[in-house]
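Examination of the molecular architecture
Residues per chain are reported as follows:
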Amino acid sequence: MTALAALEGMDRLTSGEALVAQNVAFAIMAITMVVAALRMVTTRNVVHAALYLVVVLAGVAGQFLLLGAEFVGVTQVMVYIGAIVVLFLFGIMLTKGSFGEDDGVSSEKRLMAGLVGLLVFGVMAAALVDSFEDAEVAREAPSTTAEVSDSIFSTYIVPFEAVSVLLLAALIGAIVVARKD
Amino acid sequence: MSAVTTLAGMGDRAVLAADPLLRGDIDLGIVGIVVLKVVVAFALLLVSVMLMIWFERKLVADMHNRIGPAVAGPFGILQTLADGIKLFFKEDLIPDRSDRAVFKLAPYLSLVPAFLVFAIVPIGGDFSGDGTVTWFGERTYLQVADPPVGVLFFLALSSIAVYGVMLAGWSSGSKYPLLGSVRASAQMISYEAALGLAIATVFLTSGSLSTHDIVATQVEGNWNVLATGVVPFLVFLVAGTAELNRPPFDLVEAEQELVGGFHTEYSSLRFALFFLAEFMNVITMSAIAVTLFLGGPSGPILTDTLGWVWPILWFSVKVFAFLFGFVWLRATLPRFRYDQLMDLGWKVLIPLSLGWFLLIAAMRVADAEGWPVAPVVVVGLAGMTLGAVLLSGAVAKARAERLADLDATEGVDA
C-alpha cells in the first residue's frame, strides 16, 4: 500500500511528466525492501538477518540512484554494504560457532522493539509531513559529485567538520576501550 | 526508454552515462549498439580469462623449468577449455552441514562484480580527439558505460566482492573454509582502504571520477603514474595484489595451512565460478591500473586506415605487461606471514598513501594560489617524515609495553 501511495505521490511531483520506468523501478525496489526488512526481523538465523539487511541497504542505494543522487548511492554501497554489514558478519562469524537456526535469538522484547519502531516511524513521518505538506518538490537535475562536494565544503562546512570530529572521537574511544594496554 | 531520455536530457552529466551516444533521442539502432558493446565486452573478458589461465600456467611452468600444459591444442592453449568441460561434468556436492541457499549464492557474488567492473574500462577510442569512435554513423565511447561516479563504482563493487568470499567460507559449515574466509575478508577490507587512498590521488591530478575523463587527461604521455609521483602507483600495485589474493598475499588459499581456503567445500561448476572470478579480477584490476595510471588506451595512432585499432592495441599491451608482472610475482616471491601482511597494510601503506594524498592536495592548492612549488613540497615532505617518525615511535613503544606486560604476566621472554 505504501508503495502505491508513494507512486501516486511521485506522479504528482513530476507534474504530469511521464516517468513510468522510474515509478515501476521504485515500486519494485520498495516492495523488495519492505519484504527484506520484515524477513530481517523475523528470521532466526543471525547471518541471514545480516544478509536481509544488505538487501534493504542496497534498495536504499537504488532509490538514491533513481533520484539522480548517484554519489550518495555509491557511497551508500561502499560504506553500509561494504564496511558496516561486513563488520556485523565478522562479529557473527568470529563469535558464533554453530550454523542454522540460532536458539540464542529470542523475541522476548518484541513489544518494546515494536513500540520503538512505531515511535521512530511516527517522528519521521511527522517531520516529513510537517516540513513538506503539499509542497511540490521540483524534480531537479541529477546532482553531480562536484555539486555535492561544493555544498559540503562551503554551505555545510561547520556541520561536516563537527560530524568528522565526532567520528574521530568515536574512533579513538573504540580503540581505547578495545586495547588492554 | 522514456526514463532514459528524460534523464539524458537533464544535463551533460546524466545518471546513466556521459557517452555522446546516449544524448538526445534513443532509437533501436542505439539500443543495438549498446547491446553489441555489452556482448563484445562479455565475450572479450571470458576469452581473455581463458587465455590468462593458460598463460599463467605456461609462464609459471617456464619459470620453474617445467613444460606446463602441452596436450590440449597447440601449446596446450585449449587446456582451460578442457578443464572447464571437466568441471562442468563433475558431481555437484553440497555439504550436509552447509547453509544451502547462501552456499549456492556465494559464487555469483564473486563472479558478478568481477564482470561488472570491466564495464567502466575504456578499451579504445581516439584520445587525441575526444576519445570516441564512430560506429554505424553514431559516435560512442569504447566502453560499456561511463558513469560520472566512475572509479567509485569500481570501489563499491570490490567491496561487494568481499561477500562472495566471506559467505562461501561461512556457509560451507566447515572450519578451514571459515578460517580462510575470515582471513580473506580481513585482508580485502584492510587493503581496500589503501587502494582507495591511492586512487584518490588520481582524482586530484585528473580532476574527475569518470574513467573516460581520467584517460582524457593523460594524453601525450602525461601519465598519472608520473603526475602523482609514482608512490600512489606503487601503493596501488601492492594493495591491488593483496585485494586479488594473489601471491605473495595469497594467505587466503594457503594450501599448507587451510587445505584450499574459502572454497575448499566447493566442487564442479560452483568451484569453476570462483576460479573464473579470481582470474577475471586479475584482468580487470590490471585494466583499472592501466586506466588510472598508465593512460589507458591513449597512444600514438600510426596509420590512417584502421586508426581505431591502435588504441586497443596500446591498451592490450599495457594490460599484458601487468598480467606478466602478476604471474612473475607468483613465480618469484614467497608468501607473507599474516601479521606481516596486516602490518604492511595498516602501518605502512595506509599512512603512506594518506600522507601522499595530502602532499598532492597541498601542491594543487599551491598551484591554484600561485605559491612557489618547491617550499610546499619541502614542507610537505618534512611533515610526512615527522609523521612517520612519530608513528613508528608510537608503534615501537606500544609493542615494547605489550611485550613487557606479556613477560610479567605469563613469563614469556621478550
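These numbers were taken from a predicted model, which means no experiment stands behind them.

The next point concerns the side chain of His212 of chain B. Relative to the helices and strands, His212 of chain B resides in helix H7 (residues 211-216). For His212 of chain B, the contacting residues outside a window of four places in its chain are Pro122, Phe127, Asp130, Gly131, Tyr141, Gln143 and Asp146 of chain B.

Residues and elements named next belong to chain B. Enumeration over the complete set of coordinates arrives at 8 salt bridges over all chains. Asp83 is the salt-bridge partner of Arg57, the closest N and O atoms lying 2.9 Å from each other. Of this pair, Arg57 sits in helix H2 (residues 28-63) while Asp83 is found in helix H3 (residues 79-88), placing the two residues 26 residues apart along the sequence. The exposure class of Arg57 is partly exposed, given its relative accessible area of 36%.

Predicted coordinates in regions of low pLDDT should not be interpreted in detail. Residue and element names in this part refer to chain A. Per-residue pLDDT for chain A averages 81, and the proportion of residues at 70 or more is 78%. Model confidence for chain A, summarised as mean pLDDT per element, is weakest for helix H1 (residues 2-13) at 50 and strongest for helix H7 (residues 157-178) at 92. Segment residues 11-16 is flagged for pLDDT under 50; beyond a separation of four residues in sequence, or across chains, it makes 8 contacts in the model.

Moving on, we come to the domain arrangement of chain B. Interfaces are frequently sized by the accessible area removed from exposure as the parts join. All names here are of chain B. Annotation of chain B at the domain level lists domain 1 (90-364) and domain 2 (372-407). Measuring from the centre of the C-alpha atoms in domain 1 to the corresponding centre in domain 2 gives 30 Å. At the junction of the two partners, domain 1 supplies 8 residues and domain 2 supplies 8 residues. Both sides of the domain 1 and domain 2 interface together cover about 590 Å² of buried area, and 91% of this is carbon and sulfur. Taken together, the connections running from domain 1 to domain 2 amount to 0 salt bridges. Scanning the region where domain 1 abuts domain 2 turns up 0 residue pairs in polar contact (both at pLDDT 80 or more). Residue composition of the side of domain 1 that touches domain 2, grouped by class: 6 nonpolar, 1 polar and 1 charged.

Moving on: helix H11 (residues 268-293) of chain B. Across its 26 residues, H11 of chain B extends 38 Å between first and last C-alpha, which sits within 8% of the 38 Å expected from 1.5 Å per residue. The buried count for H11 of chain B comes to 20 of 26 residues, which makes it a mostly enclosed element.

What follows concerns the packing of helix H2 (residues 20-42) of chain A against helix H3 (residues 46-66) of chain A. When two helices pack together, their arrangement is given by the angle between their axes and by how far apart the axes lie. Residue and element names in this part refer to chain A. Interaxial distance between H2 and H3 falls to 8 Å at its minimum, and their mutual angle equals 160 degrees. Taken together, the axis directions place H2 and H3 in an arrangement best described as roughly antiparallel. Crossing geometry of H2 relative to H3 is assigned as left-handed. Of the residues in H3, those touching H2 at Gln22, Ala25, Phe26, Met29, Ala30, Thr32, Met33, Ala36, Ala37, Arg39 and Met40 are Ala49, Tyr52, Leu53, Val55, Val56, Gly59, Val60, Gly62, Gln63 and Leu66. Residue classes in the contact of H2 with H3 are distributed as 15 nonpolar, 5 polar and 1 charged.

This part covers the nonpolar core. Ranked by size, the top nonpolar core spans 110 residues in total, and within it Phe154, Tyr163, Ile199, Phe236 and Leu292 of chain B carry the most contacts. Excluding residues that lie within four positions of it along the chain, Tyr163 of chain B makes contacts with Leu51, Val54, Ile81, Val85, Val86 and Leu89 of chain A together with Leu109 and Ala168 of chain B. Residues Leu21, Ile26, Ile30 and Ile33 of chain B belong to the second largest nonpolar core, which totals 5 residues.

Residue and element names in this part refer to chain B. You can see Ser208 is positioned in the loop between helix H6 (175-206) and H7. Side-chain polar atoms of Ser208 contact the backbone nitrogen of Ser210, separated by 3.1 Å. In this structure, Ser208 is in contact with Phe203, Asp213 and Ile214, ignoring residues within four places of it in sequence.

Our focus in this paragraph is the environment of Phe236 of chain B. Residues and elements named next belong to chain B. Considering the arrangement of structural elements, one finds Phe236 in helix H9 (residues 231-243). Given a relative accessible area of 1%, Phe236 falls into the buried group. Between the C-alpha atoms of Phe236 and Tyr191, which are 45 residues apart in sequence, the distance is 9.4 Å. For Phe236, the residues in contact, after removing those within four places along its chain, are Leu195, Ala198, Ile199, Met285, Ile288, Ala289, Leu292 and Phe293.

Residues and elements named next belong to chain B. Side chains of Leu78, Leu81, Ile85, Phe88, Phe89 and Leu269 sit close together on the surface and give an oily, nonpolar patch of about 610 Å² of accessible area. It is H3 that contributes the most residues to the nonpolar patch, 3 residues altogether. Examined against the element boundaries, Leu269 turns out to sit in helix H11. Residue Leu269 is classed as partly exposed on the basis of its relative accessible area of 39%.

Another aspect to go through is helix H4 (residues 70-95) of chain A. Here H4 of chain A is 26 residues long and its end C-alpha atoms lie 36 Å apart, about the 38 Å a rise of 1.5 Å per residue gives. Approximately 25 degrees is the largest bend angle found in H4 of chain A, and it occurs at Val86 of chain A.

All names here are of chain B. Both strand S1 (residues 132-135) and strand S2 (residues 138-141) contribute to a ladder of 4 bridges, which runs antiparallel. Along S2, the bridge assignment pairs Trp135 with Glu138. Linking two consecutive strands that pair antiparallel, namely S1 and S2, is a turn of 2 residues; a positive phi of about 50 degrees is found at Phe136 within it.

Calculation criteria
- Residues numbered from 1 in each chain as written.
- Chains lettered and ligands numbered in written order.
- Predicted model: local features only at pLDDT ≥ 70, side-chain atom pairs only at ≥ 80, totals over all residues.
- Heavy atoms only, no water.
- Helix = DSSP H or I, 4+ residues; strand = E, 2+ residues; numbered from the N terminus.
- Contact = heavy atoms within 4.5 Å.
- Salt bridge = Lys/Arg side-chain N within 4 Å of Asp/Glu carboxyl O.
- Buried < 20%, exposed > 50% of the residue type's maximum accessible area, 1.4 Å probe, protein only.
- pLDDT = per-residue confidence, 0-100.
- Domains from an automatic or database assignment.
- Buried area = accessible area lost by both parts, 1.4 Å probe.
- Polar contact = N/O pair within 3.5 Å; in protein donor to acceptor, adjacent residues only side chain to side chain.
- Nonpolar A, V, L, I, M, F, W, Y, C, P; charged D, E, K, R; others polar.
- Expected span 1.5 Å × (residues − 1).
- Axes fitted to C-alpha atoms, helices over the stretch in contact; angles between N-to-C directions.
- Parallel < 35°, antiparallel > 145°, perpendicular 65-115°, else oblique.
- Left-handed = near helix turned anticlockwise from the far one by under 90°.
- Core = buried A, V, L, I, M, F, W, Y, C linked by side-chain atoms within 4.5 Å.
- Patch = residues over 30% accessible without salt bridge, like charges linked within 9 Å, V, L, I, M, F, W, Y side chains within 5 Å.
- Areas by Shrake-Rupley, 256 points an atom, 1.4 Å probe, with all protein chains shown as cover.
- Bend = angle between axes of the 7 residues up to and from the residue.
- Pairing = 2+ DSSP bridges.

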